[in-house]
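Residue-level structural notes
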Amino acid sequence: MFFLLDPSKPCFVANPDVSGIGVRTAIYTQNLLSFAPALLALKDGKVTPTELDALETQSTTILITALAILVSTIVQACTSSTSNTLNGISNYHASIVLNLSWMNNTNLFIYLLLYTYRRMNLSDTELTEETKGHLKPNAPKLARCIYEARKAIVNHVIVIGTLHLSLMASVGTWLWSNPAHFGKYPPSECTLSASVVVIGKAVLLGSAGLRAWSILIYSILLIPFLNLLLPIALFAVPLFVFKHSQGMQLRRIMIGLGMLAVIDAVLLVDTEVGIKKNIDHGMLAKDEGAWTFGQTLALLLLLVPLRDLAEAFWERRAKSLGKTLMEASKAGETAVAKYLLERGAPKDDIGMAFGN
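Residues numbered from 1 in each chain as written. Predicted model: local features only at pLDDT ≥ 70, side-chain atom pairs only at ≥ 80, totals over all residues. Heavy atoms only, no water.

**Section: the pairing of strand S1 (residues 195-198)**
Pairing of S1 with strand S2 (residues 201-204) involves 4 bridges; the strand directions are antiparallel. In the sheet register, Val-196 faces S2, and the bridge partner there is Val-203. (Pairing = 2+ DSSP bridges. Helix = DSSP H or I, 4+ residues; strand = E, 2+ residues; numbered from the N terminus.)

**Focus: the packing of helix H3 (residues 35-42) against helix H6 (residues 106-120)**
As a packed pair, H3 and H6 sit with axes 10 Å apart at the nearest point and diverge in direction by 15°. With respect to H6, the element H3 is oriented roughly parallel. For the element pair H3 and H6, the recorded crossing hand is left-handed. Residues Phe-35, Ala-38, Ala-41 and Leu-42 of H3 lie in contact with H6, whose contacting residues are Thr-106, Ile-110, Leu-114 and Tyr-117. For the contact of H3 with H6, a count of residues per class yields 7 nonpolar, 1 polar and no charged. (Axes fitted to C-alpha atoms, helices over the stretch in contact; angles between N-to-C directions. Parallel < 35°, antiparallel > 145°, perpendicular 65-115°, else oblique. Left-handed = near helix turned anticlockwise from the far one by under 90°. Contact = heavy atoms within 4.5 Å. Nonpolar A, V, L, I, M, F, W, Y, C, P; charged D, E, K, R; others polar.)

**Overview of helix H2 (residues 21-33)**
Taking 1.5 Å of rise per residue, 13 residues should cover 18 Å, and H2 covers 18 Å from first to last C-alpha, within 8% of that figure. Every buried residue belonging to H2 is among Gly-22, Val-23, Arg-24, Ala-26, Ile-27, Tyr-28, Gln-30, Asn-31 and Leu-33, and all of these are buried. (Expected span 1.5 Å × (residues − 1). Buried < 20%, exposed > 50% of the residue type's maximum accessible area, 1.4 Å probe, protein only.)

**Thoughts on the side chain of Asn-99**
Here Asn-99 lies in helix H5 (residues 91-104). Within the structure, Asn-99 has its side chain in polar contact with the side chain of Thr-271 (distance 2.8 Å). Excluding residues that lie within four positions of it along the chain, Asn-99 makes contacts with Leu-267 and Thr-271. (Polar contact = N/O pair within 3.5 Å; in protein donor to acceptor, adjacent residues only side chain to side chain.)

Next up, the structure:
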């Protein structure tokens, strides 16, 4: 249910630095692009240390930016208005930040999937060398799981990701504990009349059901590391506990990536439909889409994940050329090897072909 208002007097003051098209486009793009390096890495059924490192760099960059967005939201929510300036952040704009934060979690879960797949498919030599002094040969599965858990706890992406989940949950719990009086933003008669779209259904911010479910979900995610138990139970534990061929593991990983892509698509559509509905019904000012410094900066920051994606493509190309170069060197095909070197194949692969 919507309350039609006078378009010249919208309920919420425009905040394009939060919900402007530039900010939304930047966040949508960087999260959808994060699937590309993962799919490239899995193309040959193997995740190399280099590929995992590249994904770690990209995920860390995006998650740190996502943390900064949440910190900025908290600072803005705690800023009081003055006689000349309306400060704070409305409950509706805070709900958009939370939607975008859910999308930003994609990077954590993609990395978690590939990290688990890589750990599960370590060669016996790699595992023995790495666990020397930490894990006995032929150790039981429980001992291996404990070792892997300890290793994951100090992983940069996992640490930053779980902190992002906790901070997102803190903002969500704060918002939904009293959505009519969120932060220092001045409440009005229409504060709870705006609508958010949840899985295609429009729900008022004042909905008691939405508030109860939101508090429950965000409360579960408040405690760092414990908030990772559900995704780990869904994706990682089955790979460690149950015996599967590498092909079956790869299918599970691809299903997990597919689920994440669907969730991102639903969040994107819900956010866009919700903004349009609220603008059409006079809840949001039409200058919500005004181009500002923050929107331009957000789009420029897309250069970072685009650079990471280009590096991933380049590394994949070098890896493919290197494999062909090794085969050509072993077969004595000098002309082919020379051509591949001109195309950028790593010279070291010639030596590897002959074991030196």
